[in-house]
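# Understanding the architecture of this molecule
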Amino acid sequence: VLGPLVGSIDQGTSSTRFLVFNAKTAELLSHHQVEIEQKFPKEGWVEQDPKEILKSVHECVERTCEKLQQLNIDITNIKAIGVSNQRETTVVWDKTTGEPLSNAIVWLDLRTQSTVERLLKRIPGKNKAYFKSRTGLPLSTYFSAVKLRWLLDNVKEIQQAVDDGRALFGTIDSWLIWCLTGGKNGGVHCTDVTNASRTMLFNIHYLDWDPELCQFFDIPMEILPKVRSSSEIYGLMKICSSLKSGALTGVPISGCLGDQSAALVGQMCFQDGQAKNTYGTGCFLLCNTGQKSVLSEHGLLTTIAYKLGRDKPVCYALEGSVAIAGAVVRWLRDNLGIVQTSQEVEKLAAEAGTSYGCYFVPAFSGLYAPYWEPSARGIICGLTQFTNKNHIAFAALEAVCFQTREILDAMNKDCGIPLHQLQVDGGMTNNKLLMQLQSDILCIPVVKPSMPETTALGAAMAAGAAEGVGVWSLNPGDLTAVTCERFEPQINPEESESRYARWKKAVMRSMDWETSEAPSNAVDPSIFCSLPLGFFIMSSVIMLIGAKYVSGTGK
């Protein structure tokens, strides 16, 4: 007999998954995954369709339940559902129709750069860190407040809905929980402290929306969701027309964590000083700082790690955020077309075995931690006629590792105690070459759990442990020991330092590339929108290859 089960909705930037775990052993029993379309309507814009996201959740729940039934597992044993989500991504919808009022603006989106610059003019000394003592965050395109401000300024339907009292704002967790608990027919409009802490409207010390921040950004407080803990019953799953079987109707949704907080819980980093690095669309290093919030001196964010129950204490984390990690692999696949599947990147990179002096800074959305430099743009440098797609693939993987090194260095400086090993998770950790590279570049061991779905596991743990559910124990003695794969450094520290120094040189080259105000004689960038991002670089690479044939060196 399996005993109680817990489901987990893991809604990420590139895909949605529904996973079901055994609450007693933490074993993953079944799951289903659906890739999500990212729309790039203009240069720097990144959008998603909230209805497509919701539909993908329904599909994943339906397919996973079918798979469980094929395994003769009774789905009525699913006692709770947790939600983990891409953070900061901003949705505004009409509570009377249940329809989104625009596409969601994704966390990576850069359209708000001029909004940020306008807001900065109202801050003494144009200090980006002005609100850091309240929010833990610098003023940046990354966080929800500026995205919401842009929507209110630029989408008439949204401002009209606000005026009429019909608009609701939320991050993806709020949108999903509202829809899954009834939508326009009594849906619960809430978020948790971890997601709220990424909006720039939330005071991370008082644990509530900050009226002065809402006034500064001119956000009406009545459209904001109610802030709850990360582990409590928010509402019950309702029958949805797209959930044909009525699967999971009446099951409590009782866990909610932003994806990076969920991974911290799933990696069982409950002690002060424990850290994990998640390799997803972006790359996120979080270090638990316990019940004290630590303000970074080195470009990291202060964020809420979790609050696992209404009456439980809040725990904080320091976070190093990198915008582009797995997204660079998707870019090689979808924009440059040098691979058909993401898995092929490891094969290409392994064939090269080195980047041969080629360095890739994937600053597609500017640079996040530790620089917070929105004007940076992606570059590939150190190209020669010898460079081929294998070297570019290797440089792309190396870029993920170098970016992690930068945020780990900052974390070590802020914490004062260097990490002796790095716990990792996320989809990219299946790439063994990447994990070995990461160990080589950090000069410390990298430790990967054998079950890499720690984000979904964290949300399931929060849901199963909630008061009124109580099927998952978070007592340290009851937590399941995790088997791990370990990667040890295989190059000498001098070589590692030399490669890292050249990477830093490349990062400097990527800075101050873009200005938000184009000169009057500038070409309208929208004419290039129909061309893939990689078109220009690929043209250069093709010219290099062509030159080899002309010179008789082509194979």
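Just so it is clear, the model here is predicted, and its values are computed rather than measured.

Turning next to the overall build of the protein chain. From N to C terminus, the protein chain includes 16 helices and 23 strands. For 555 residues, the compact-globule estimate of 2.2 N^0.38 gives 24 Å, and the C-alpha radius of gyration of the protein chain, at 23 Å, lies within 12% of that figure. Over its C-alpha atoms, taken along the principal directions, the protein chain stretches across nearly 70 × 55 × 50 Å. Counting across all 555 residues of the protein chain, residues that qualify as buried make up 60%. Long-range contacts, defined as pairs at least 24 residues apart, comprise 72% of the intrachain contacts of the protein chain with a sequence gap of at least 6.

On to the environment of Ser8. Tracing the chain through its elements places Ser8 in strand E1 (residues 5-11). For the pair Ser8 and Ala462, spaced 454 residues apart in sequence, the C-alpha separation works out to 9.9 Å. Other than its neighbours up to four places away in sequence, Ser8 contacts Arg17, Phe18, Leu19, Phe21, Gly82, Ala456, Ala459 and Ala460. Among the polar contacts listed, one links the side chain of Ser8 to the backbone oxygen of Ala456, at a separation of 2.8 Å.

Helix H13 (residues 432-442) sits mainly inside the fold: nine of its 11 residues count as buried. Those residues of H13 not exposed but buried are Leu434, Met435, Gln436, Leu437, Gln438, Ser439, Asp440, Ile441 and Leu442. Where H13 is buried, its residues meet strand E15 (275-279), helix H12 (389-415), strand E21 (422-425), strand E22 (446-449), strand E23 (484-487) and helix H15 (493-510). Downstream of H13 by a residue or two, Cys443 has a phi angle that is positive, lying close to 60 degrees.

In this section: the UniProt feature "domain: Carbohydrate kinase FGGY C-terminal" (unreviewed entry) in the protein chain. The feature "domain: Carbohydrate kinase FGGY C-terminal" (unreviewed entry), as annotated in UniProt, sits at residues 276-466 in this numbering. Annotated as 36% helix and 21% strand, the span residues 276-466 places its first and last C-alpha atoms 24 Å apart.

Summarising the element assignment, Thr135 is placed in helix H3 (residues 132-135). There is a polar contact of 2.9 Å between the side chain of Thr135 and the backbone oxygen of Phe131. Of note is the side chain of Thr135, whose polar atom sits 3.1 Å from the backbone nitrogen of Leu137. Ignoring any residue separated from it by four or fewer positions in sequence, one finds Thr135 in contact with Ser197, Met200, Phe202, Ile204, Leu213 and Thr302.

The relative placement of two packed helices comes down to the angle between their axes together with the axis-to-axis distance. Where H12 contacts H13, the axes come no closer than 9 Å and their chain directions differ by 45 degrees. Classed by the angle they form, the pair H12 and H13 counts as oblique. When the axes of H12 and H13 are compared, the crossing they make is right-handed. Of the residues in H13, those in contact with Phe394, Leu397, Glu398, Val400, Cys401, Phe402, Thr404, Arg405 and Leu408 of H12 are Leu433, Leu434, Leu437, Gln438, Ile441 and Leu442. Residues of the contact of H12 with H13, tallied by class, amount to 11 nonpolar, two polar and two charged.

This brings us to the pairing of strand E16 (residues 283-290). Buried residues dominate E16, accounting for eight of its eight residues. A two-sided burial pattern is seen for E16, the buried positions comprising Cys283, Leu285, Cys287 and Thr289 on one face and Phe284, Leu286, Asn288 and Gly290 on the other. Alignment of E15 against E16, held across five bridges, turns out to be antiparallel. Opposite Tyr279, over in E16, you have Cys283 as the bridge partner. Linking E15 back to E16 in an antiparallel pair, the connection comprises three residues.

This brings us to unusual backbone geometry. The step from Ala369 to Pro370 runs through a cis peptide bond, and the omega angle for that step is -5 degrees. When you line up the elements, Pro370 lands in the loop between strand E19 (359-361) and strand E20 (379-381). Phi is positive for Trp372, close to 50 degrees, though the residue is something other than glycine. Following the sequence through the fold, Trp372 ends up in the loop between E19 and E20. Judged by relative accessible area, which is 12%, Trp372 ranks as buried. One non-glycine residue with positive phi stands out, namely Asp512, at about 55 degrees. For Asp512, the location among the structural elements is in the loop between H15 and helix H16 (535-550). Take Asp512: its relative accessible area is 62%, and that puts it in the exposed class.

Strand order across the open sheet formed by seven strands is E17-E18-E16-E15-E21-E22-E23, with mixed pairing between neighbours. Each edge of the open sheet is held by one strand with a lone partner, namely strand E17 (301-306) and E23. Strand-to-strand, the axes of this sheet are offset by a mean angle of 30 degrees, without reference to chain direction. Pairing between E17 and strand E18 (residues 315-322): five bridges, direction antiparallel. From the neighbouring strand, Leu301 faces E18, where its bridge partner is Glu319. H12 rests against E15, E16, E18 and E21 of the sheet, and its axis sits at about 145 degrees to E18.

Interaxial distance between helix H4 (residues 144-154) and helix H5 (residues 156-163) falls to 5 Å at its minimum, and their mutual angle equals 95 degrees. Regarding the angle of H4 to H5, the classification is roughly perpendicular. Every residue of H5 that contacts H4 at Leu151, Leu152 and Asn154 is listed here: Lys156, Ile158, Gln159 and Val162. Its residues placed into classes, the contact of H4 with H5 shows four nonpolar, two polar and one charged.

Read from one edge to the other, the open sheet built from six strands follows the order E3-E2-E1-E5-E14-E13, with strand pairing classed as mixed. Looking at which strands have only one partner, the edges of the open sheet turn out to be strand E3 (28-35) and strand E13 (231-236). Across the sheet, the mean angle from the axis of one strand to that of its neighbour is 25 degrees, orientation sign disregarded. In the sheet, strand E2 (residues 15-22) pairs with E3 via seven bridges, with the strands oriented antiparallel.

Counting through the fold element by element, Val471 comes out in the loop between helix H14 (454-464) and E23. With a relative accessible area of 13%, Val471 lands in the buried category. Expressed as a C-alpha distance, the spacing of Val471 and Asp192, which sit 279 residues apart in the sequence, is 21 Å. When near neighbours in sequence (up to four residues on either side) are disregarded, Val471 contacts Pro4, Val6, Ala23, Lys24, Lys79 and Gly464.

Conventions we followed
Residues numbered from 1 in each chain as written. Predicted model: local features only at pLDDT ≥ 70, side-chain atom pairs only at ≥ 80, totals over all residues. Heavy atoms only, no water. Helix = DSSP H or I, 4+ residues; strand = E, 2+ residues; numbered from the N terminus. Rg over C-alpha atoms; globule rule 2.2 N^0.38 Å. Buried < 20%, exposed > 50% of the residue type's maximum accessible area, 1.4 Å probe, protein only. Contact = heavy atoms within 4.5 Å. Polar contact = N/O pair within 3.5 Å; in protein donor to acceptor, adjacent residues only side chain to side chain. UniProt positions renumbered as here; feature names shortened; annotations may be inferred. Axes fitted to C-alpha atoms, helices over the stretch in contact; angles between N-to-C directions. Parallel < 35°, antiparallel > 145°, perpendicular 65-115°, else oblique. Left-handed = near helix turned anticlockwise from the far one by under 90°. Nonpolar A, V, L, I, M, F, W, Y, C, P; charged D, E, K, R; others polar. Pairing = 2+ DSSP bridges.

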